[in-house]
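Each chain, written out:
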Amino acid sequence: MQVLAINGSPRGSGGVTALILKPFLEGLGSVELIHTKDLDIRPCQGEFHCWFKKPGECFQDDDMRAVLEKIATADVLVLATPLYVDGMSGPLKNLLDRMIPLLEPEFELRGGHCRHALRENVKRGRLVLVSSCGFHELDNFDPLLVHVRAACENLGREFAGALLRPHGWVLRHLLKQGEGQDVLDAARRAGRELVEGDMSAETLAGVSRELVTLEECVRMQNE
Ligand SMILES: Cc1cc2nc3c(=O)[nH]c(=O)nc-3n(C[C@H](O)[C@H](O)[C@H](O)COP(=O)(O)O)c2cc1C
């Protein structure tokens, strides 16, 4: 199983999202991990060159060329991002915009809905979301989940689930005190479960579990 993980946090492996991503990828086994912060990926220019001039190829010669090839062959694509203003980080959105060369300009009907056909050489695999945020409530991820599910429909990938870590900074704090290890264990278990089939709701709830009460979270932040 070919797994490609893309971390869109500007803080890369030193960030809170990576705290969850790392054990999840360990559970998955052999994966390739890339960080958008290490790559030169310029914004899509909206010229449709990749559709009408040189099908499948963007005219911009940057790191997205190599990333596109990896995405096209991945059985599992893991998108990791901090929650930024209720959505994914800018660098990750930028990268998704640059995935358009994987699609054909032609429309087709999939499940009665208008979509772009996928190019023949593009794998129709699964996609997992990994995200962390600062606020306490799990529902802060709702807009991001709607977006990623919709993107899966358009990119022809099955949404396999999400590892979501609200009040992620509290986890970092607890880990320093030797607590919260069960959250990382749940992330690792989720990786193993995905290899076997599907991630269980119980395991994903373990990743997201409340670490401190809402009131305690507010108090800690304001200290
Ligand atoms: C520009 C910016 C926007 C943010 N927007 C939100 C937000 O809308 N909701 C939220 O709960 N946290 C928000 N946060 C907090 C981050 O999601 C949180 O700190 C996250 O765990 C950072 O992950 P990282 O260390 O992997 O980058 C924001 C942080 C930044 C820097």
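Calculation criteria
Residues numbered from 1 in each chain as written. Predicted model: local features only at pLDDT ≥ 70, side-chain atom pairs only at ≥ 80, totals over all residues. Near = placed C-beta within 6 Å. Helix = DSSP H or I, 4+ residues; strand = E, 2+ residues; numbered from the N terminus. Nonpolar A, V, L, I, M, F, W, Y, C, P; charged D, E, K, R; others polar. Core = buried A, V, L, I, M, F, W, Y, C linked by C-beta atoms within 7 Å. Buried ≥ 20, exposed ≤ 12 C-beta atoms within 10 Å, placed from the backbone. Contact = placed C-beta atoms within 7 Å.

A few words now on the site of the ligand. Surrounding the ligand, one finds 18 residues, the nearest of these being Gly15, Thr17, Pro82, Cys133 and Phe135. Where the shell around the ligand is concerned, the elements lending two or more residues are α1 (16-28) and α6 (168-176). Among the elements that line the shell around the ligand, the one with the most residues is α1, at three residues. Here the shell around the ligand is composed, by residue class, of nine nonpolar, seven polar and two charged.

On to the nonpolar core, then. Among the nonpolar cores identified, the biggest contains 51 residues, and Phe24, Val78, Leu79, Val130 and Leu163 are the most heavily contacted of them. If one sorts the elements of this core by residue count, α1 sits on top with eight residues. Those residues in contact with Leu163 that sit more than four places away from it in its chain are Ile20, Phe24, Val130, Ala187, Ala190, Leu204 and Val207.

At Val85, a residue that is not glycine, the phi angle is positive and equals roughly 45°. Its location among the elements puts Val85 in the loop between β3 (76-82) and α4 (90-97). Residue Val85 is classed as exposed on the basis of its C-beta count, with 8 C-beta atoms lying within 10 Å. Phi at His167 takes a positive value of approximately 30°, unusual for a residue other than glycine. Note on placement: His167 falls in the loop between β7 (158-165) and α6. By the C-beta count within 10 Å, which is 26 here, His167 ends up buried.

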